[in-house]
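Read off the chains here:
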Amino acid sequence: MTKKNQFFKAIKLSAEGREIDIKKEFGEDYELLEVNEDKVYGTNEVKGYIYRIGLVDRYSQIDVKIEGNRQIPEADKYKMRVKFEGLTAVTYKYENNFYLMVTADKITPVKQ
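First, a word on what this report is: a plain description of the structure on this page. All values derive from a computational prediction rather than experimental measurement. (Residues numbered from 1 in each chain as written. Predicted model: local features only at pLDDT ≥ 70, side-chain atom pairs only at ≥ 80, totals over all residues. Heavy atoms only, no water.)

**Side note on the overall build of the protein chain**
Phase 1 of the analysis: When helices and strands are tallied, the protein chain shows one helix and seven strands.
Phase 2 of the analysis: In the protein chain, the succession of helices and strands from N to C terminus is α-β-β-β-β-β-β-β.
Phase 3 of the analysis: Taken over 112 residues, the protein chain has a buried fraction of 27%.
Phase 4 of the analysis: At a minimum sequence separation of 6, the contacts of the protein chain that also span at least 24 residues come to 50%.
Phase 5 of the analysis: Element-wise, carbon and sulfur atoms account for 45% of the exposed surface of the protein chain, whose accessible area totals about 8400 Å². (Helix = DSSP H or I, 4+ residues; strand = E, 2+ residues; numbered from the N terminus. Buried < 20%, exposed > 50% of the residue type's maximum accessible area, 1.4 Å probe, protein only. Contact = heavy atoms within 4.5 Å. Areas by Shrake-Rupley, 256 points an atom, 1.4 Å probe, with all protein chains shown as cover.)

Shown next, in the form of structure tokens:
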């Protein structure tokens, strides 16, 4: 294992369509790392945003998709704690591989 990858733990998925218990698997302490547009394939139409978050104390990161307008203002650097409303995660299968899809209804900064 290379040094770059040794800090990130692979998430093992077992069955297609399985809903994940977010609090049990990921905890509730998230740090926003970056925000990217989620565009309709083949167009420039933005359908929502992908919020990359770090799982604090776990050295893992996941992408959370939220449809609609941007909910966190643009910044050069984020590194802020956030919380989600309506956070769900489901496994899905594509070309004989299992993946994790995480979505939410809302993201807000946590005041410290």
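**Some words on unusual backbone geometry**
Phase 1 of the analysis: Even without a glycine there, the phi angle at E95 is positive, about 50 degrees.
Phase 2 of the analysis: Topologically, E95 is positioned in the loop between β5 (88-94) and β6 (97-103).
Phase 3 of the analysis: Judged by relative accessible area, which is 60%, E95 ranks as exposed.
Phase 4 of the analysis: If you check the backbone angles, N96 has positive phi at about 65 degrees while not being a glycine.
Phase 5 of the analysis: Among the structural elements, N96 can be located in the loop between β5 and β6.

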